[in-house]
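Next come the chains, spelled out residue by residue.
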Amino acid sequence: IFEIIIKKTRKTMRKTIIMTLTGIMMLCSCATKTITSDNLAALTGRWAIVEAMQQGVEGADKAPFIQFKADGQINGNASVNSFFGGFTMKGDKVDFSNLGMTRMLGKSMDIETNISQALDNAATIEVRKEGAVMKDKDGNIVMRLKRQAE
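Nothing here was measured: the structure is a model prediction, and the numbers come from that model.

(A) Fine view of the overall build of the chain. Each helix and strand in the chain was counted, giving three helices and nine strands. Helices and strands appear in the chain in the N-to-C order α-α-β-β-β-β-β-β-α-β-β-β. For the chain, the proportion of its 150 residues judged to be buried stands at 35%. On the chain, roughly 9700 Å² of surface is accessible, and the fraction owed to carbon and sulfur atoms is 58%.

Here you go:
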């Protein structure tokens with residue numbers, strides 16, 4: 001009788017260990033961000049936002065910028081408030097995720113609204129000699145960027 005119980009216990013333990021390891025592997029794969037793009041190396045770094053939704057950023061409370069990090073994180077300033085989040089790329093396609101922003105009021109909230117809308121609408125990023133542009137799904141430019149010295 002004890003042999004039967006021991007055999008069943010070993011089988012159960014083996015199944016439990018396999019299920020646990022499978023679960024851990026699944027969790028790890030979900031947490032890993034994959035960023036694949038020819039543009040990623042060229043995009044990584046700090047960029048001045050010079051235009052959003054076809055409007056300039058002159059008169060902003062603070063100089064708007066966005067910083068792309070190689071680990072798939074972004075942060076920046078939208079004129080009044082700071083923003084942060086993640087991004088993934090495949091080719092020139094971009095997807096921003098988990099974007100958050102501080103919530104203060106300032107004189108240039110119109111500029112901030114344009115920057116927020118541009119980030120929401122961005123579908124692609126093209127890195128060009130003179131800077132970078134974000135375009136919406138229809139190919140309209142929603143944001144123009146200029147590389148900043150680090």
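From this point on, the discussion continues.
(B) Up close: the environment of Ala60. For Ala60, the position within the fold is in the loop between strand E2 (55–56) and strand E3 (65–68). In sequence terms Ala60 and Ile111 are 51 residues apart; their C-alpha atoms lie 6.8 Å from each other. In this view, Ala60 contacts Ser79, Ser108 and Ile111; residues no more than four positions away in its chain are not counted.

Conventions and cut-offs
- Residues numbered from 1 in each chain as written.
- Predicted model: local features only at pLDDT ≥ 70, side-chain atom pairs only at ≥ 80, totals over all residues.
- Heavy atoms only, no water.
- Helix = DSSP H or I, 4+ residues; strand = E, 2+ residues; numbered from the N terminus.
- Buried < 20%, exposed > 50% of the residue type's maximum accessible area, 1.4 Å probe, protein only.
- Areas by Shrake-Rupley, 256 points an atom, 1.4 Å probe, with all protein chains shown as cover.
- Contact = heavy atoms within 4.5 Å.

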